[in-house]
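Breakdown of the fold
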Amino acid sequence: MAAVFKSTLLAQLGWTWRDEQDRAAVTDTNQWSWRTALNEGTQPGEANAIWYAMGKTLASGASTEWLLDALPRPLFGKTIVQTFSSIKALWLANHSESGGTLAMGGAPSNPWSGPMGSATNLLRIAPGGVLFVAHPGMGWSVSSSAKALKLAAESASVTYDIIVLGIAGTSP
């Protein structure tokens, strides 16, 4: 049986707001969602690789760099290396309950700018926060000079999850 890769990107926000005013209740209820499916492939609107690391911890002031062209992952008792040439979606969850902010971006060498737009820009995920960014068309390019995704713990330690979806590249 051949391997099949399919993925779905979904973002959803719903609310109910009720306000009692002069003997009448005003209610605003709505739900917004965005969904797209990516079939297996290497074209716009397609993906063929995923990598993730769950429950990673950084001490206060510490940082790590994930090289998007050489991401190690244990699988069936061995370590495999996932490479990417394009990133279609990135999920970062900061599980810290208070204090620790997770900063993304600013690698000193071969920085990947992706959704930050510039190698010097940072995105910060507050304690308890989640960052989900998607570029399901062409994706954000990964190359030998744009491959390092730096994550840093600011103010306190941070425990985080990271998920990367995209187009597989060739091994470095």
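For the structure, check the block above.
Residues numbered from 1 in each chain as written. Predicted model: local features only at pLDDT ≥ 70, side-chain atom pairs only at ≥ 80, totals over all residues. Heavy atoms only, no water.

Within the secondary structure, Thr83 sits in the loop between strand S7 (78-82) and strand S8 (84-94). Among the residues examined, Thr83 registers a relative accessible area of 4% and is labelled buried. In this structure the side chain of Thr83 is engaged in a polar contact, spanning 2.6 Å, whose partner is the backbone oxygen of Gly169. (Helix = DSSP H or I, 4+ residues; strand = E, 2+ residues; numbered from the N terminus. Buried < 20%, exposed > 50% of the residue type's maximum accessible area, 1.4 Å probe, protein only. Polar contact = N/O pair within 3.5 Å; in protein donor to acceptor, adjacent residues only side chain to side chain.)

Turning to the sheet that holds strand S1 (residues 7-21), a few remarks are in order. Strand order in the open sheet formed by 3 strands is S1-S2-S3, and the pairing between neighbours is mixed. Two strands bound the open sheet, and with one partner strand each, they are S1 and strand S3 (46-47). As defined by bridge partners, S1 adjoins strand S2 (residues 24-40) across 15 bridges and the pair is classed as antiparallel. What sits directly across from Leu13, in S2, is Trp32. (Pairing = 2+ DSSP bridges.)

What follows covers the side chain of Ser7. As for its position among the elements, Ser7 is in strand S1. Setting aside residues no more than four positions away along its own chain, Ser7 makes contact with Thr36, Ala37, Leu38, Ala47 and Leu165. (Contact = heavy atoms within 4.5 Å.)

Excluding glycine, most residues fall at negative phi; most peptide bonds, likewise, are trans. A positive phi angle is found at Asn110, which is not glycine, with a value near 50°. As for its placement among the helices and strands, Asn110 is situated in the loop between strand S9 (101-104) and strand S10 (123-125). For Ser155, which is not glycine, the phi torsion reads 80° and is therefore positive. Tracing the sequence through the fold places Ser155 in the loop between strand S13 (148-154) and strand S14 (158-168).

Here the focus is the sheet that holds S13. Judged by pairing direction, the sheet is antiparallel, and its 4 strands sit side by side in the order S5-S13-S9-S10 without closing on themselves. Every other strand in the sheet has two partners, leaving strand S5 (63-67) and S10 as the edge strands with one partner each. Neighbour-to-neighbour, the strand axes of the sheet open up by a mean angle of 20°, direction not taken into account. (Axes fitted to C-alpha atoms, helices over the stretch in contact; angles between N-to-C directions.)

To continue, consider the nonpolar core. Of all hydrophobic cores here, the largest spans 27 residues; its most connected members are Trp66, Leu92, Leu151, Tyr160 and Ile162. For this core, the elements supplying multiple residues, two or more each, are strand S4 (49-58), S8, S9, strand S11 (130-134), S13 and S14. Leave out the neighbours within four places in its chain, and Trp66 touches Trp51, Ala53, Lys56, Leu71, Lys147, Ala148, Leu149, Leu151, Tyr160 and Ile162. (Core = buried A, V, L, I, M, F, W, Y, C linked by side-chain atoms within 4.5 Å.)

Before going further, it helps to spend a moment on a nonpolar patch on the surface. On the surface, Leu13, Trp15, Trp17 and Trp32 cluster together to form a nonpolar patch covering roughly 500 Å² of accessible area. If you tally residues by element for the nonpolar patch, the top one is S1, at 3 residues. Of note, Trp15 is situated in strand S1. Judged by its relative accessible area of 35%, Trp15 falls in the partly exposed class. (Patch = residues over 30% accessible without salt bridge, like charges linked within 9 Å, V, L, I, M, F, W, Y side chains within 5 Å. Areas by Shrake-Rupley, 256 points an atom, 1.4 Å probe, with all protein chains shown as cover. Salt bridge = Lys/Arg side-chain N within 4 Å of Asp/Glu carboxyl O.)

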